[in-house]
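What follows is each chain in one-letter form.
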Amino acid sequence: GPNGMGKTTLMKLLAQRRIPVPDNIDILLVEQEVLGDERTALSAVVEADTEMMSLRAEEQDINDRLGALTMEDGAKVDSEGRTQDELSDRLNAIYEKLNEIGSSTAESRASRILHGLGFSPSMQARPTKSFSGGWRMRISLARALYIAPTLLLLDEPTNHLDLRAVLWLEEYLQRWKKTLVVVSHDRDFLNSVTTDIIHLHDQHFTQYRGNFEKFEEMYEQKRREANKAFEKYEKQMKAAKQSGDKKNQKKVQDNTKRVQKGKKGKAAVDDAGPDASESSAPRRWTDYTVNFRFPEPTELPPPLIQLNDVSFKYPNRDDFGLKDLNIGIDMGSRVVIVGPNGGGKTTLMNLLGGELEPTSGWSKRSHRLRIGRYSQHFVDVLAYDVSPVQYLMDAFPESGLKPEQMRAELGKFGLAGIHHLTPICKLSGGQKARVVFTAIKLSEPHILLLDEPTNNLDMQSIDALSDAVEEFEGGVVVISHDSQLLSRMCEDEERSEVWIVEDGRVTFYKGSFEDYRDELISEICADLDEDEAKYS
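Residues numbered from 1 in each chain as written. Predicted model: local features only at pLDDT ≥ 70, side-chain atom pairs only at ≥ 80, totals over all residues. Heavy atoms only, no water.

Peer 1: Explain the side chain of R434 to me, please; I cannot follow it from the model alone.
Peer 2: Here R434 shows up in helix α16 (residues 429-442). Residues within four places of R434 in sequence aside, it is in contact with N3, Y288, V290, F292, F413, G414, L415, L457, D458 and S461. (Helix = DSSP H or I, 4+ residues; strand = E, 2+ residues; numbered from the N terminus. Contact = heavy atoms within 4.5 Å.)

And the structure:
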């Protein structure tokens, strides 16, 4: 369901058992980043298994006690009155239990999960306090996958992941043997991992069998049926009212109730939808819709952006940099930037946008070029003490739009009217994102530079953004973990490019985005197959 409908609230209620769950089912909701402290990332994952850690500590304690009894001449019992034989028996029981829960492979299994989520061996050895919030969320996710609870609850698990980590998580969860409930805006992810869809619509839940693609087919059929029933009812009521016969009107209403009641009796899982009440008349099925659109740009001669022999380093950081960049963006360019988190994708985007200047080499931009930029940074630097309408009026006086016209623009990008005059500081992340997208439209850009634009957007908004990018006649450069957006953007293989940013360099992938994605999935599946063979 759309943002703000209560999906996250439902997950929290389940985790808190405020929605009844059998006591024998252990539940884990991944919602908070792991605490930043001196523990390494690997230790933070392994230590999530509290039973194993307790047994390991007891094993060490008993071995110390046995060693002390051996050293002390004539000692027959330890400080707690246990004999050497009793200690040895307990130690053997601990060894059996540790063997049963796979203690000897714990670090290896945890390391493989962290690797799948993008942690290199050196990163796994770093203290958790050295990681950003996004990376600590990955550690929390790794802990949950490592523990493998009976009921795992994941709320937007792909938000902090790069493309490869998302694909790894898809494949990992397809092999998940326990119960998973996931809230996600990623269509490809849902198609891969789900067997059922629960749809939250009009304050009612409806369960559909099958993955997301199957749900969309069944939902569309229900929507058509509901609107057909509404149109029939409306036509019959109009005819009855024109006749002036109240008995005819009552007859139409009674017949409608009877039909609805019969349908409810037949359905095992009924779509409550807009006509949930047995006593209510059919209503037109209204869906939440948004309409992203960027204006047609004025023509500019190429190149619009050019980087020649560019290198870049941050001050006092010898461990990171980009070098030998020779790239350009023109009208009609479609560029997907991929690579591991921390590899330099955002740095490259900032060099293209002009927020960073090269350490060496030269960059060139058309002097009339207008760039539409989206990133978390641009969301964070909004003027928080004013309303979205006032912010846009101040930022784009040349648009000539009046307040009511500015509100119409915000509405097209899915910001509800009740938030148009609310201070930006009180808006959610998704609502702030819509303000930024409206600002991008008003800037009339020639090029869009979009860094993880789907974070905080619901599926309807991602679909609308995909439509807008597809129709936009200017250049587009995107960093995203959302395969659906990237696939649609790269449908024209002749003008689309895949740039891989890794180890300080940009390489141009020889193939389509789908080829690149399939190659990653093949590598991931081979790794997971190897892990299953090793640890089964």
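Peer 1: Would you mind showing me how to read the pattern of salt bridges here?
Peer 2: Where side chains of opposite charge bring their charged atoms close, a pairing between them can arise. In the structure shown here, the tally under the stated rule is 30 salt bridges. Across the pair D463 and R187 runs a salt bridge, and its minimum N-O distance is 2.7 Å. With a gap of 276 residues between them, D463 in helix α17 (residues 459-471) and R187 in helix α9 (residues 187-193) connect regions that are remote in the sequence. Judged by relative accessible area, D463 falls into the partly exposed class, the value being 22%. (Salt bridge = Lys/Arg side-chain N within 4 Å of Asp/Glu carboxyl O. Buried < 20%, exposed > 50% of the residue type's maximum accessible area, 1.4 Å probe, protein only.)

Peer 1: Looking at this structure, how should I read the domain arrangement of the protein chain?
Peer 2: Interface size is commonly expressed as the accessible surface area that is lost when the partners come together. Annotation of the protein chain at the domain level lists domain 1 (7-210), domain 2 (213-255) and domain 3 (305-370 + 444-526). Between domain 1 and domain 3, the residue contacts involve 21 residues of the former and 27 residues of the latter. Of the roughly 2,000 Å² buried at the junction of domain 1 and domain 3 (both faces included), carbon and sulfur atoms supply 54%. It is L163, H185 and R187 that lose the most area in domain 1 upon contact with domain 3, and together they represent 34% of the buried surface on that side. At the junction of domain 1 with domain 3, the criterion picks out 3 salt bridges. The shortest N-O distance in the salt bridge between R164 and E523 comes to 3.9 Å. (Domains from an automatic or database assignment. Buried area = accessible area lost by both parts, 1.4 Å probe.)

Peer 1: What is the right way to look at the pairing of strand β12 (residues 475-479) in this model?
Peer 2: Consecutive side chains along a regular strand alternate between the two faces of the sheet. When you tally the buried positions in β12, you get 5 out of 5 residues, the bulk of the element. Burial along β12 is two-sided: G475, V477 and I479 facing one way and V476 and V478 facing the other are all buried. Where strand β8 (residues 334-338) lies against β12, 4 bridges are found, and the strand directions are parallel. Looking across to β12, one finds that I337 is bridged to I479. Note: strand β11 (residues 447-451) against β12, 5 bridges, orientation parallel. Residue D451 lies in a different strand from β12, and its bridge partner there is I479. Following the backbone out of β11, through α17 and into the adjacent parallel β12, one traces a crossover that is right-handed. (Pairing = 2+ DSSP bridges. Right-handed = clockwise from strand over helix to strand, strands pointing away.)

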